[in-house]
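These are the residues of each chain, in order.
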Amino acid sequence: MSHDSTAVLSYLKEPKGLKSWLLTVDHKRIGIMYLTAIMFFFFVGGALAVVLRTELFRPERILMDADTYNQFFTLHGAIMIFLFIIPSIPAALGNFLLPLMIGAKDVAFPRLNLASWYVYVFGALFCLYSIVSGGVDTGWTFYAPYSTTTSTSVISMTLGVFILGFSSIFTGLNFIVTIHKLRMPGMTWFKMPLMVWGLYATAIIQVLATPVLAITLVLLIMERVLGIGIFDPAMGGDPVLFQHFFWFYSHPAVYIMILPGMGIISEVIATFSHRKIFGYRPIAYSSLGIAFVSFLVWGHHMFTSGQSEIAAMIFSFLTFFVGIPSGIKVFNWVATLYKGSVSLETPMIYALMFLFLFMIGGFTGIMLGALALDVHLHDTYFVVAHFHYVMMGGTVMAFLAGLHYWWPKMFGKMYSEAWAKIVAIIVFVGFNMTFFTQFILGAKGMPRRYYTYLDQYQPLHGFSSVGAWVLGLGFLIMAIYLIASFFNKRPVGANPWGGLTYEWETSSPPPQHNFLTDPVLAHGPYDYDKVSVVGEYYRSRGDKPTVAEKV
Amino acid sequence: MSSTHAGSHPKYLQHHFGTAVQQEESSKLGMWVFLLTEVLFFGGLFCAYAVFNAWYPETFVNAHKSLSWQLGAVNTIVLITSSVTIALAIRSMQLGRKKATFRLLLATVLLAAVFLVVKYFEYSHKIHLGQLPGNLYTYTGIEGTNPHIFFSVYFMLTGLHGVHVVAGIIAISWMMYRVSRDEFSAEYYTPIELTGLYWHLVDLVWIFLFPMLYLIG
């Protein structure tokens, strides 16, 4: 590494050439490669969603027949879950940020990290092959026995998901070891940024839950190939066992999606409140608490499956416990905002949107966890609305907050703040039009996954579809202003927002090995009461130094 | 990659680690986490075994009699012995005895091969009789409900274990190649140690499979 301070080339510039990217072991480049791949699948999954909503604008056929509709919603779900949301924050943002935040040169196993990207792409190819070879019509959950008998490409899709699982495990394993062994001198566990705690809890779930999904999918493939009879009731097997296995992974997977998102929210709220985060330890512990409870609640997906009543009651009871650590986080974030000097830049707007939408998602989750209510709401649009509020209103909003927050760090470029704010409003309006409407639809009894519906539901369905178009428009404009930011000539500086975590100590974009000198911890991640720092972004606008004013 | 710090550090030390100890501890922790995922991977099948054993207890008792406990016992002894030889291989490397390490690793691979040969005879006998999973099951001599499920579970469990034995043979052979290239020493032998940990897990899984499948009832 060159210690010549006059010319420090960023990781984007050095080394050069396509090969240096494809064979890179630099976590930052791998993060960018993940980001590119997942954004592509977000676009594919989003386009499918817009087509689906357009079909549902009216009860009669508009674009496609019922079979095609079944394949489209399956692909929308499978792509969004397995190819977008699960890897989005850990594999893309996490990979980029984790070593920077703890002052490491790289993750513990850089080659394994690169392998995980190739495994992801390889798995994604199987999923794409399923699309061109006739699609899958089982829903993203692949429930037996239908998935063992349908003539669509279940094998290539489940094989793709099986392979993706390894990518997820590699990332999780790498993060656990990196956090344990590669923190800079002085960074104790409780001096770690909360994003790192979120990634740590996520990694634990990735490592413990994913193998169970893997073996379940192997069994499902064997069921289709050999008819092993483990899940097929006609052969003496147990389809509910499939559901137990599937949700033993897939419920914790929900927390793989949300926990790193919560980490982002902690970072963004602290930085843009310019105030020491309230309740650091409770936020850190509650991440582990959520990870722990996530393994105990899978049965709440099966209240109507014919599992025993006592099991249903226990799962209902346990499900409520997730509310405790989630509530701890939300109250601590709100307490941080209270008397903070809040500046409403785009990342902060998304973080506040997260708070609002995630609370709706969370409360409706408690409603669905209540046994008696779930029997009524099961498999209705209420459930669809709930998990879109949690996954999209929660994870995607957190992802967007993180993307805008670290965009200048990743690329050294600032996007158009004005356009970003306009889009944030469009996304918020479009999102609530689409999905809040679906709570009402579901409560009125509209079942999910139906190709057509009674005329009485048309006004609400129509409104929801218009919302989807608004949402789609918002994302299109976002793509444009983010791409346009690459042509922005003005440098952003190392620390545009005035953050105290260590990724802001190095240049934007960072040099090849992250830091020019080995970092040693000088202050905690949120010591705004002790350290005065003004972001270059505010300085360039001539804003008053918000922090110094407060202390 | 490691050009920056070359000179003052041993060549096996990767650039993003500060010390050899840090690198070794990281590798070990990574391996333990990986083994944890392996346990959970098998865990799904163990769970399926428990469920169907509870559903069809008579079938399971009747069906297990068609397995040869003698062959299973031989394989158990073979695998335990191979765990001893790989442990001794690690010990030899700690003492810097490269030739002994190579020979002990070779012994481990040969024992693993013996395991697979025995497994081959067991499988071909089953295939011959039609005691196969699910749709392929044609045997009529076992009383009880759904005897094919026992064989589905048997083939899935032993098959997955067999795949792990093959992976172990590849990994240990790779270690032999690296020993022959003089990559290890009394100071640096982490990859052999980690391969050993993996091999112990393969052994351990079999120690559960043997009584569950061959000795029930």
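Residues numbered from 1 in each chain as written. Chains lettered and ligands numbered in written order. Predicted model: local features only at pLDDT ≥ 70, side-chain atom pairs only at ≥ 80, totals over all residues. Heavy atoms only, no water.

### Re the overall build of chain A
Helix and strand content of chain A: 18 helices and zero strands. The C-alpha atoms of chain A give 23 Å as radius of gyration, which agrees with the globular expectation for 551 residues (24 Å, within 12%). Projected onto its principal axes, the C-alpha coordinates of chain A cover approximately 70 × 45 × 45 Å. Taking all 551 residues of chain A together, the buried fraction comes to 64%. Pairs at least 24 residues apart make up 81% of the contacts formed inside chain A by residues separated by at least 6 positions. For chain A, the accessible area works out to roughly 19,700 Å², and carbon and sulfur atoms hold 70% of it. Separation of charge centres in chain A, based on 32 positive and 27 negative side chains, amounts to 10 Å. (Helix = DSSP H or I, 4+ residues; strand = E, 2+ residues; numbered from the N terminus. Rg over C-alpha atoms; globule rule 2.2 N^0.38 Å. Buried < 20%, exposed > 50% of the residue type's maximum accessible area, 1.4 Å probe, protein only. Contact = heavy atoms within 4.5 Å. Areas by Shrake-Rupley, 256 points an atom, 1.4 Å probe, with all protein chains shown as cover. Lys, Arg positive; Asp, Glu negative; His and termini not counted. Charge placed at Lys NZ, Arg CZ, Asp CG, Glu CD.)

### Description of helix H6 (residues 190-214) of chain B
In an α-helix there are 3.6 residues to a turn, and that puts residues three or four apart on one side. Between the first and last C-alpha of H6 of chain B there are 36 Å, a value that for 25 residues agrees with the 36 Å anticipated at 1.5 Å per step. Across the 25 residues of H6 of chain B, 20 count as buried, placing the element largely inside the fold. (Expected span 1.5 Å × (residues − 1).)

### Digging into the nonpolar core
Inside soluble globular proteins, nonpolar side chains tend to come together where they are buried. All names here are of chain A. Phe82, Trp333, Tyr350, Phe354 and Met410 are the most contacted members of the largest nonpolar core, which totals 244 residues. The dominant element in this core, judged by the number of residues it contributes, is helix H8 (residues 239-273), at 21 residues. Excluding residues that lie within four positions of it along the chain, methionine 410 makes contacts with Tyr11, Leu12, Ile32, Leu35, Leu93, Phe96, Leu403 and Pro509. Ranked by size, the runner-up nonpolar core spans 12 residues in total, among them Met64, Phe73, Tyr451 and Tyr457. (Core = buried A, V, L, I, M, F, W, Y, C linked by side-chain atoms within 4.5 Å.)

### Notes on the packing of helix H2 (residues 27-55) of chain A against helix H14 (residues 381-411) of chain A
The axes of two packed helices give the description: the angle between them and the distance between them. Residues and elements named next belong to chain A. At a minimum axis separation of 13 Å, H2 and H14 run at an interaxial angle of 145 degrees. Of the two possible hands of crossing, H2 and H14 adopt the one that is left-handed. Contact with H2, carried on its side by Ile32, Leu35, Ile38, Met39, Phe42 and Arg53, involves Tyr381, Val396, Phe399, Leu403, Met410 and Phe411 of H14 and no other residues of that element. Partitioning the contact of H2 with H14 into residue classes produces 11 nonpolar, no polar and one charged. (Axes fitted to C-alpha atoms, helices over the stretch in contact; angles between N-to-C directions. Left-handed = near helix turned anticlockwise from the far one by under 90°. Nonpolar A, V, L, I, M, F, W, Y, C, P; charged D, E, K, R; others polar.)

### Quick look at the packing of aromatic side chains
Scanning all chains against the criterion turns up 68 aromatic pairs over all chains. The interplanar angle of 80 degrees and the centroid separation of 6.0 Å between the aromatic rings of tryptophan 55 of chain B and tyrosine 56 of chain B together place this pair among those described as edge-to-face. In textbook terms, an aromatic cluster arises when at least three aromatic residues are bridged by ring pairs, as seen for Phe82, Trp140, Phe142, Tyr143, Phe231, Phe242, Phe245, Phe246 and Trp247 of chain A. It is arginine 29 of chain A that lies over the ring of tryptophan 21 of chain A; its NZ or CZ is 4.2 Å from the centre. Above the ring of phenylalanine 190 of chain A, the side-chain terminus of arginine 281 of chain A is found at 3.8 Å from the ring centroid. (Phe/Tyr/Trp six-rings, centres within 6.5 Å; stacked < 30°, edge-to-face > 60°. Lys NZ or Arg CZ within 6 Å of the ring centre and 35° of its normal.)

### Focus: the side chain of asparagine 113 of chain A
Residues and elements named next belong to chain A. For asparagine 113, the position within the fold is in helix H4 (residues 110-132). Take asparagine 113: its relative accessible area is 1%, and that puts it in the buried class. Ignoring any residue separated from it by four or fewer positions in sequence, one finds asparagine 113 in contact with His27, Ile30, Asn95, Val107 and Asn174.

### Examining the interface of chain B and chain A
By convention, interface size is frequently given as the accessible area that disappears when the constituent parts associate. If you look at the interface, chain B gives 38 residues, while chain A gives 38 residues. Of the roughly 3,100 Å² buried where chain B meets chain A, counting both sides, 75% is carbon and sulfur surface. Here chain B is connected to chain A by one salt bridge. Residue glutamate 25 of chain B is joined to lysine 181 of chain A by a salt bridge in which the shortest nitrogen-to-oxygen separation is 3.4 Å. At the surface where chain B touches chain A, the tally comes to nine residue pairs in polar contact (both at pLDDT 80 or more). Of the residues forming the side of chain B that touches chain A, the biggest block, 19 residues, is contributed by helix H1 (residues 20-55) of chain B. In terms of residue class, the side of chain B that touches chain A is built from 21 nonpolar, 16 polar and one charged. (Buried area = accessible area lost by both parts, 1.4 Å probe. Salt bridge = Lys/Arg side-chain N within 4 Å of Asp/Glu carboxyl O. Polar contact = N/O pair within 3.5 Å; in protein donor to acceptor, adjacent residues only side chain to side chain.)

### Brief notes about the packing of H8 of chain A against H14 of chain A
All names here are of chain A. Interaxial distance between H8 and H14 falls to 9 Å at its minimum, and their mutual angle equals 50 degrees. Of the possible angle classes, the one that applies to H8 and H14 is oblique. In terms of crossing hand, the pair formed by H8 and H14 is left-handed. Only Val390, Met391, Gly394, Thr395, Ala398, Phe399, Ala401, Gly402, Tyr405 and Trp406 of H14 make contact with H8, whose side of the interface consists of Met257, Ile258, Gly261, Ile264, Ile265, Glu267, Val268, Thr271 and Phe272. (Parallel < 35°, antiparallel > 145°, perpendicular 65-115°, else oblique.)

### Here we look at the pattern of salt bridges
Residues and elements named next belong to chain A. Applying the stated rule across the entire model yields 16 salt bridges over all chains. Residue lysine 421 is joined to glutamate 345 by a salt bridge in which the shortest nitrogen-to-oxygen separation is 3.6 Å. A residue pair is termed long-range when its members are at least 10 positions apart, and lysine 421 in helix H15 (residues 417-443) and glutamate 345 in the loop between helix H11 (323-337) and helix H12 (346-369) qualify at 76 residues. The exposure class of lysine 421 is partly exposed, given its relative accessible area of 25%. Through salt bridges with shared partners, a single ionic network connects Glu345, Glu417, Lys421 and Arg541.

### Brief notes about H2 of chain A
Spanning 29 residues, H2 of chain A covers 41 Å between terminal C-alpha atoms, matching the ideal 42 Å at 1.5 Å per step. With a side-chain oxygen positioned 2.9 Å from the backbone nitrogen of lysine 28 of chain A, the residue opening H2 of chain A is aspartate 26 of chain A.

### A look at a nonpolar patch on the surface
All names here are of chain B. Taken together, the side chains of Ile80, Val84, Leu88, Leu204, Ile207 and Phe208 present a nonpolar region at the surface, about 520 Å² in accessible area. Mapped by element, the contributors of at least two residues to the nonpolar patch are helix H3 (69-94) and H6. Structurally, the position occupied by isoleucine 80 is in helix H3. Its relative accessible area of 39% is what places isoleucine 80 among the partly exposed residues. (Patch = residues over 30% accessible without salt bridge, like charges linked within 9 Å, V, L, I, M, F, W, Y side chains within 5 Å.)

### A short note on unusual backbone geometry
Residue and element names in this part refer to chain A. Residues glutamate 14 and proline 15 are joined by a peptide bond in cis, for which omega reads -5 degrees. Within the element layout of this structure, proline 15 appears in the segment before helix H1 (18-22). Residue proline 145 follows alanine 144 across a cis peptide bond; omega there is 0 degrees. Tracing the sequence through the fold places proline 145 in the loop between H4 and helix H5 (146-149).

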